[in-house]
Amino acid sequence: GSCDLLCSQNYPLYIRSVPTENELKFHYTVHTSLDVVDEKISAMGKALVDQRELYLGLLYPTEDYKVYGYVTNSKVKFVMVVDSSNTALRDNEIRSMFRKLHNSYTDIMCNPFYNPGDRIHSRAFDTMVNSMMMQVC
């Protein structure tokens, strides 16, 4: 699987792929999903402004993977790619993983030494993402 955070301009703030040999395929999948994310955001329109966070749900399934999306109120996009063969994973579990990701991202944003827009280099964030990836993969 893959876990990616992209800023509002769509450049990556954080990328983690497991297994790493499929990293390029995951990057491609994530970038192709951004059009779907933008479509869903524009379709939501004003509703997005009213909500504090937005779980976009399943963006699209492929033969090998399922791609899920989440957007914060500051338009930071979280994209998760999970193996299609993992049928035990429920929608509410994905939603709660995105909430954990969002909370950890908020902690990073609150760090006075973090410059918003820079790539995320945080051991605590890595640990949280790795434990989440173990559940998914």
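Cut-offs used in this document
Residues numbered from 1 in each chain as written. Predicted model: local features only at pLDDT ≥ 70, side-chain atom pairs only at ≥ 80, totals over all residues. Heavy atoms only, no water. Core = buried A, V, L, I, M, F, W, Y, C linked by side-chain atoms within 4.5 Å. Buried < 20%, exposed > 50% of the residue type's maximum accessible area, 1.4 Å probe, protein only. Helix = DSSP H or I, 4+ residues; strand = E, 2+ residues; numbered from the N terminus. Contact = heavy atoms within 4.5 Å. Disulfide = S-S within 2.5 Å. Axes fitted to C-alpha atoms, helices over the stretch in contact; angles between N-to-C directions. Parallel < 35°, antiparallel > 145°, perpendicular 65-115°, else oblique. Nonpolar A, V, L, I, M, F, W, Y, C, P; charged D, E, K, R; others polar.

Draft legend 1. The nonpolar core, seen in detail. Membership of the largest hydrophobic core comes to 27 residues, with the highest contact counts inside it found for Leu5, Phe98, Leu101, Ile120 and Phe125. Sorting the residues of this core by element identifies strand S1 (2–6), strand S2 (12–17), strand S4 (65–72), strand S5 (77–83), helix H3 (91–109) and helix H4 (123–136) as the ones contributing at least two each. Leaving out residues up to four positions away in the same chain, isoleucine 120 has contacts with Leu5, Leu13, Tyr14, Tyr105, Ile108, Tyr114 and Phe125. One finds Leu34, Leu56, Leu59 and Val81 within the second-largest nonpolar core, a separate group that totals 15 residues.

Draft legend 2. Main features of the state of the cysteines. This model, assessed by the stated rule, comprises zero disulfides. With no disulfide of its own, cysteine 7 lies closest to cysteine 3 among cysteine sulfurs, the gap being 15 Å.

Draft legend 3. Quick look at the packing of H3 against H4. Where H3 contacts H4, the axes come no closer than 10 Å and their chain directions differ by 170°. Here H3 is positioned roughly antiparallel relative to H4, judged by the angle of their axes. Contacts between H3 and H4 involve Met97, Lys100, Leu101, Ser104, Tyr105 and Ile108 on the former and, on the latter, Phe125, Met128, Val129, Met132, Gln135 and Val136. Taken together, the residues of the contact of H3 with H4 break down into nine nonpolar, two polar and one charged.

Draft legend 4. Main features of the environment of serine 104. Mapped onto the elements of the fold, serine 104 is located in helix H3. What makes serine 104 buried here is its relative accessible area of 16%. For the pair serine 104 and serine 122, spaced 18 residues apart in sequence, the C-alpha separation works out to 10.0 Å. For serine 104, the residues in contact, after removing those within four places along its chain, are Phe125 and Met128.

Draft legend 5. Main features of the environment of leucine 101. Positionally, leucine 101 belongs in helix H3. On the basis of relative accessibility, which here comes to 1%, the residue leucine 101 falls in the buried class. The spatial distance from the C-alpha of leucine 101 to the C-alpha of tyrosine 114 is 17 Å, given a sequence separation of 13 residues. Setting aside its immediate chain neighbours within four residues, leucine 101 contacts Cys3, Leu5, Phe78, Met80, Phe125, Met128, Val129 and Met132.

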